[in-house]
Amino acid sequence: MNGSPYILSENNSVTLVMLKVLAALIPGVIAQVWFFGPGILVSLLLCGAFAIGFEAFILLMRGIPLKPFLSDGSVLVTACLLALALPTLAPWWLYLLGVFFAVAVAKHLYGGLGQNPFNPAMVGYAALIISFPLAMTQWAAPLGVAQATPNLWEAFDLVFAGAGSISPDAYTSATALDTWKTQVRLGKDAADILGQPIFGWAGGRGQEIVASMYLVGGLLLVSNRLITWHIPFAFLAGIAATAGLLHLLDPALHASPLFHLFSGGAMLGAFFIATDPVTAASTPRGKLIYAGLAGFLTVIIRTFGGYPDGVAFAVLLMNVAVPFIDAYTQPRVFGHKHGGKRGKA
Amino acid sequence: MFSQETRDIITNGLWKQNPGLVQILGMCPLLAISSNVVNALSLGLATTLVMAIASGSVAVIRNIIPHEIRIPVFVLIIAALVTVVELAMHAWVHALYIVLGVFIPLITTNCIVLARVEAFASKRATGHSVLDATMMGLGLTGVLVTLGALREIVGKGTLLSGIDLALGPMAKDWVIPVIPDYHGLLIAILPPGAFIGLGLLIAWRNWMQERRAR
């Protein structure tokens, strides 16, 4: 925990902070609708509804008043981050299970908002990718890869009826990250891989614009002082440095740092997920260590791991280390020689 | 019908001091093997058998074991018994032996076996020691089977899958499809499922305990 002064005012209540975070996600969502079709709106709606349902149910079970906790908006932020991290056009029960793991298991089993050691949205994502690896690699294809993106009704139909009336194959493809990994392992030439339509100028086609919009929204959060610069900066620097080093070692095997920064969940993770005030490190030095290592782990897991993206696992792993990092990076207290553990001894 | 002491030993093993939910001992096999009921039950019973004989034999010779080297003596006795069980399973339930693999010899290092020998059998009469070890073993088996059933139903939608490994091919049809047409929730079968499931079981036990106290 950081030291005082804590500023409490109407202007930075939990509700307002959460609303501002949601607002900062809007540019990314608009870009996603533009390039991948309105499927994301369906999954946002579903995750939001499921999350409020679970939250209300568990609050009732625990005998906690509904209104103050439901209206603080934190569960909506969790739901939206989860929806943005999951593939769109997946069957509805995938979202239901993801939200269950995020809200019921990761948040309330540990005691509710502020008590959870792990980022709820990332727990939901991790549970799903472990359980349904196939469904989690079928992402909506961007315009230019697919013939067309589904309209809103087709999106609803895909989510609720599954492959009943329309084949989802027409609208889905592997992500750029996934394509890169599988084809490099098949021994294909890097230039050939990058020439495929799923790749854009930086990351995946369309995805790079979505990532840029998350960057814009995230910078707004920083300029509004809702988050400090430490975590996003260290997270992205960790990714860039690790990916850059690997790229220098063997450009045929490892994609460029730019690709790593603008594909998958890197930007969303840097500004919106790793910065979760409950589960992230809270001292300035601690934030740099926490996020830098999370960025490093992201690239390592992406490169050498079996799962398509590494952001979730990297953030969860660093969540475990947060109490330790915080304990050793306490700033010097006035009148004491050292900060952290040494100062206390 | 039983003396107070006997009843205490029984309730301690099965509920009050349950090795799985209260002492949290013997976690290694508990978490690794409880992915379905058949594995859980087989390893639980094997452990119970080892515990009962180990506690009995130690209780018989408890007065002639030199105090200073008692732990090596206990471990030797347990290891010898585990070898017997392992060879017996290898001979008679070979398919199951292959599935349980390294976890059968690992019964030797299971804390709960040594814990009951050291804490109970080395100080108490033989009959009570055997009873205590049996009850503790059954308590652990109960937790293992419950966890195994939970993980199997949630993870695969069946019960008793793999029963033919223990009872031979004629038991192939005994598998109960609890949820037909189930896609399976892989996380319940994988290690995280064991931790989440055990956490829920411990929470359930604490909740029962609190309700009873009220």
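As the structure is a computational prediction, the values presented were derived from the model and not from experiment.

1. Notes on the overall build of chain A
Part 1 of the reasoning: On a plain count of helices and strands, chain A comes out with 16 helices and two strands.
Part 2 of the reasoning: The C-alpha atoms of chain A give 20 Å as radius of gyration, which agrees with the globular expectation for 345 residues (20 Å, within 12%).
Part 3 of the reasoning: Its C-alpha atoms put chain A at 65 × 50 × 35 Å along the principal axes.
Part 4 of the reasoning: Looking at chain A residue by residue over its 345 residues, the buried ones come to 52%.
Part 5 of the reasoning: Excluding contacts between residues fewer than 6 apart, the proportion of contacts in chain A whose partners are at least 24 apart in sequence is 73%.
Part 6 of the reasoning: Positive and negative side-chain charges in chain A, numbering 17 and 14 respectively, have mean positions lying 18 Å apart.

2. Points about helix 6 (residues 111-121) of chain B
Residue and element names in this part refer to chain B.
Part 1 of the reasoning: Every buried residue of helix 6 is listed here: Ile112, Val113, Arg116, Val117, Phe120 and Ala121. Angularly, the buried residues of helix 6 cover 135 degrees about the axis, an arc narrow enough to put them on a single face.
Part 2 of the reasoning: Elements that come into contact with the buried residues of helix 6 comprise helix 1 (4-16), helix 3 (37-60), helix 4 (70-92) and helix 7 (126-156).

3. A few points about the interface of chain B and chain A
Part 1 of the reasoning: Taken together, the contact between chain B and chain A spans seven residues of the former and seven residues of the latter.
Part 2 of the reasoning: Buried surface at the junction of chain B and chain A, both sides included, amounts to about 650 Å², of which 85% is carbon and sulfur.
Part 3 of the reasoning: For chain B, the biggest contributors to the area lost against chain A are B:Leu185, B:Leu186 and B:Ile187; these three give 56% of the whole.
Part 4 of the reasoning: On inspection of chain B and its partner chain A, the count reaches zero salt bridges.

4. Re the packing of helix 2 (residues 39-62) of chain A against helix 5 (residues 92-108) of chain A
All names here are of chain A.
Part 1 of the reasoning: Where helix 2 meets helix 5, the closest approach of the two axes is 9 Å, and the angle between their N-to-C directions is 40 degrees. One way to sum up the angle between helix 2 and helix 5 is to call them oblique. Where helix 2 crosses over helix 5, the handedness of that crossing is right-handed. Contacts between helix 2 and helix 5 involve Ser43, Leu46, Cys47, Phe50, Ala51, Phe54, Glu55, Ile58, Leu59 and Arg62 from the first element and Trp92, Tyr95, Leu96, Val99, Phe100, Val103, Ala104, Lys107 and His108 from the second.
Part 2 of the reasoning: Looking at the contact of helix 2 with helix 5, its residues break down into 14 nonpolar, two polar and three charged.

5. Digging into the environment of A:Ala23
Part 1 of the reasoning: Within the secondary structure layout, A:Ala23 lies in helix 1 (residues 14-36).
Part 2 of the reasoning: Sequence-wise, A:Ala23 and A:Leu220 are 197 residues apart; in three dimensions their C-alpha atoms are separated by 9.8 Å.

6. Observations regarding the pattern of salt bridges
Pairing between side chains of opposite charge can happen when their charged atoms approach one another.
Residues and elements named next belong to chain B.
Part 1 of the reasoning: Under the definition given, this model contains five salt bridges over all chains.
Part 2 of the reasoning: Here glutamate 5 ties to arginine 124 by a salt bridge, and the two come within 2.7 Å at their closest N and O atoms. A residue pair is termed long-range when its members are at least 10 positions apart, and glutamate 5 in helix 1 and arginine 124 in the loop between helix 6 and helix 7 qualify at 119 residues.
Part 3 of the reasoning: Overall, the relative accessible area of 35% leaves glutamate 5 in the partly exposed class.

7. Overview of the packing of aromatic side chains
Part 1 of the reasoning: Under the criterion given, the structure shown has eleven aromatic pairs over all chains.
Part 2 of the reasoning: Ring geometry for A:Trp229 against A:Phe233: centres 5.7 Å apart, planes inclined by 65 degrees, an arrangement best described as edge-to-face.
Part 3 of the reasoning: Among the aromatic residues, those joined into a cluster by ring pairs are A:Phe54, A:Phe100 and A:Phe101.
Part 4 of the reasoning: Here B:Arg205 stacks its cationic end above the ring of B:Trp15, 4.7 Å away from the centre of that ring.

8. Side note on the domain arrangement of chain A
Residue and element names in this part refer to chain A.
Part 1 of the reasoning: One can read the domain layout of chain A as domain 1 (38-173) and domain 2 (176-345).
Part 2 of the reasoning: Look at where the C-alpha atoms of domain 1 and domain 2 centre, and you get two points 22 Å apart.
Part 3 of the reasoning: Taken residue by residue, the interface counts 22 residues in domain 1 and 20 residues in domain 2.
Part 4 of the reasoning: When the area that domain 1 buries against domain 2 is broken down by residue, the three leading residues are Leu81, Asn119 and Met122, summing to 28%.
Part 5 of the reasoning: Here domain 1 is connected to domain 2 by zero salt bridges.
Part 6 of the reasoning: On the surface where domain 1 and domain 2 come into contact, there are two residue pairs in polar contact (both at pLDDT 80 or more).
Part 7 of the reasoning: Within the residue set of the side of domain 1 that touches domain 2, elements represented by two or more residues are helix 4 (74-85) and helix 6 (120-131).
Part 8 of the reasoning: In terms of residue count, the dominant contributor to the side of domain 1 that touches domain 2 is helix 6 (seven residues).
Part 9 of the reasoning: Split into classes, the residues belonging to the side of domain 1 that touches domain 2 amount to 15 nonpolar, seven polar and no charged.

9. Looking at the state of the cysteines
Part 1 of the reasoning: Summed over the entire model, instances satisfying the criterion amount to zero disulfides over all chains.
Part 2 of the reasoning: The closest cysteine sulfur to the non-disulfide-bonded A:Cys80 is located on A:Cys47, 8.2 Å from its own sulfur.

10. A short note on the nonpolar core
The nonpolar side chains of soluble globular proteins are, as a tendency, buried together.
Part 1 of the reasoning: A:Leu25, A:Met122, A:Tyr125, A:Phe235, A:Phe272 and A:Tyr290 are the most contacted members of the largest nonpolar core, which has 93 residues in total.
Part 2 of the reasoning: Shared between two domains, this core holds at least three residues of each, these being domain 1 (38-173) and domain 2 (176-345) of chain A.
Part 3 of the reasoning: When sequence neighbours within four positions are dropped, the list of residues in contact with A:Phe272 reads A:Val21, A:Ala24, A:Leu25, A:Leu81, A:Tyr214, A:Gly217, A:Gly218 and A:Leu221.
Part 4 of the reasoning: Formed by 44 residues, the second largest nonpolar core is a distinct cluster that contains B:Ala40, B:Val82, B:Ile104 and B:Val117.

11. Re the environment of A:Leu219
Part 1 of the reasoning: Following the sequence through the fold, A:Leu219 ends up in helix 10 (residues 207-223).
Part 2 of the reasoning: Sequence separation between A:Leu219 and A:Thr179 is 40 residues; the distance between their C-alpha atoms is 29 Å.

12. Focus: a nonpolar patch on the surface
Part 1 of the reasoning: Residues B:Val154, B:Ile176, B:Val178, B:Ile179 and B:Tyr182 make up a contiguous nonpolar surface patch of roughly 350 Å² in combined accessible area.
Part 2 of the reasoning: Mapped onto the fold, B:Tyr182 is located in the loop between strand 2 (176-177) and helix 9 (186-189).

13. Focus on the side chain of A:Thr303
All names here are of chain A.
Part 1 of the reasoning: Relative to the assigned elements, threonine 303 resides in helix 14 (residues 284-304).
Part 2 of the reasoning: By relative accessible area, which is 16% here, threonine 303 ends up buried.
Part 3 of the reasoning: Those residues in contact with threonine 303 that sit more than four places away from it in its chain are Lys181, Arg185, Leu246, His254 and His260.

14. Overview of the environment of B:Leu31
All names here are of chain B.
Part 1 of the reasoning: Topologically, leucine 31 is positioned in helix 2 (residues 27-33).
Part 2 of the reasoning: Expressed as a C-alpha distance, the spacing of leucine 31 and leucine 198, which sit 167 residues apart in the sequence, is 8.1 Å.
Part 3 of the reasoning: Apart from residues no more than four positions distant in its own chain, leucine 31 is found in contact with Arg151, Ala194, Phe195 and Leu198.

About the cut-offs
- By convention here, each chain's residues receive numbers from 1 onward along its written sequence.
- The naming scheme follows written order: chains are lettered A onward, ligands numbered 1 onward.
- Side-chain atom pairs in this predicted model are given and counted only at pLDDT of 80 or more, local residue features only at pLDDT of at least 70, and totals for whole chains, interfaces and linings cover all residues.
- To obtain the side-chain values, all non-hydrogen atoms of the structure were used and water was disregarded.
- Each helix corresponds to a stretch of at least 4 residues labelled H or I by DSSP, and each strand to a stretch of at least 2 residues labelled E; elements are numbered beginning at the N terminus.
- Atoms considered for the radius of gyration are the C-alpha atoms alone. The globule rule reads 2.2 Å times the number of residues to the power 0.38.
- Summary of the burial criterion: residues with accessible area below 20% of their type's maximum are buried, those above 50% are exposed, and those between are partly exposed, where the area comes from a 1.4 Å probe applied to protein chains only.
- A contact between two residues is defined here by any heavy atoms of the two lying within 4.5 Å.
- The charged-residue count follows a simple rule in which Lys and Arg add positive charge and Asp and Glu add negative charge, with His and chain termini not counted at all.
- Taken as the charge centre is NZ of Lys, CZ of Arg, CG of Asp or CD of Glu, depending on the residue.
- Of all possible arcs, the one meant is that of the directions from the helix axis to the C-beta atoms.
- Buried area adds together the accessible area that both of two parts lose upon being put together, with accessible area traced by a 1.4 Å probe.
- Salt bridges are counted wherever a side-chain nitrogen of Lys or Arg sits within 4 Å of a carboxyl oxygen of Asp or Glu.
- To define axes, lines are fitted to C-alpha atoms, for helices over the stretch in contact only, and angles between the resulting N-to-C directions are given on a 0 to 180 degree scale.
- Throughout, the term roughly parallel applies to angles under 35 degrees, roughly antiparallel to angles over 145, roughly perpendicular to angles from 65 to 115, and oblique to all others.
- Note on convention: the crossing is left-handed when the near helix lies turned anticlockwise from the far helix by less than a right angle, right-handed when the turn is clockwise.
- When residue character is reported, Ala, Val, Leu, Ile, Met, Phe, Trp, Tyr, Cys and Pro are called nonpolar, Asp, Glu, Lys and Arg charged, and the others, Gly included, polar.
- For Phe, Tyr and Trp, rings pair up if their centres lie within 6.5 Å, where Trp contributes its six-membered ring, and each pair is then called stacked (planes under 30 degrees apart), edge-to-face (over 60) or tilted (otherwise).
- Criterion for a charge above a ring: Arg CZ or Lys NZ at most 6 Å from the ring centre, at most 35 degrees from the ring normal.
- The split into domains, and so the bounds of each, comes from an automatic or database assignment of domains.
- Here a polar contact means two N or O atoms within 3.5 Å. Within protein one must be a hydrogen donor candidate and the other an acceptor candidate, and residues neighboring in sequence count only if both atoms are side-chain atoms.
- Criterion for a disulfide: a pair of cysteine sulfur atoms at a distance within 2.5 Å.
- For this analysis, a nonpolar core means a set of buried residues of the types Ala, Val, Leu, Ile, Met, Phe, Trp, Tyr and Cys, connected via side-chain atoms within 4.5 Å.
- Here, patches come from residues exposed beyond 30% relative accessible area and free of salt bridges, joined within 9 Å for like charges and within 5 Å for nonpolar side chains (Val, Leu, Ile, Met, Phe, Trp, Tyr).
- Under the convention used here, a 1.4 Å probe and the Shrake-Rupley method define accessible areas, while residue burial counts only the protein chains that appear.

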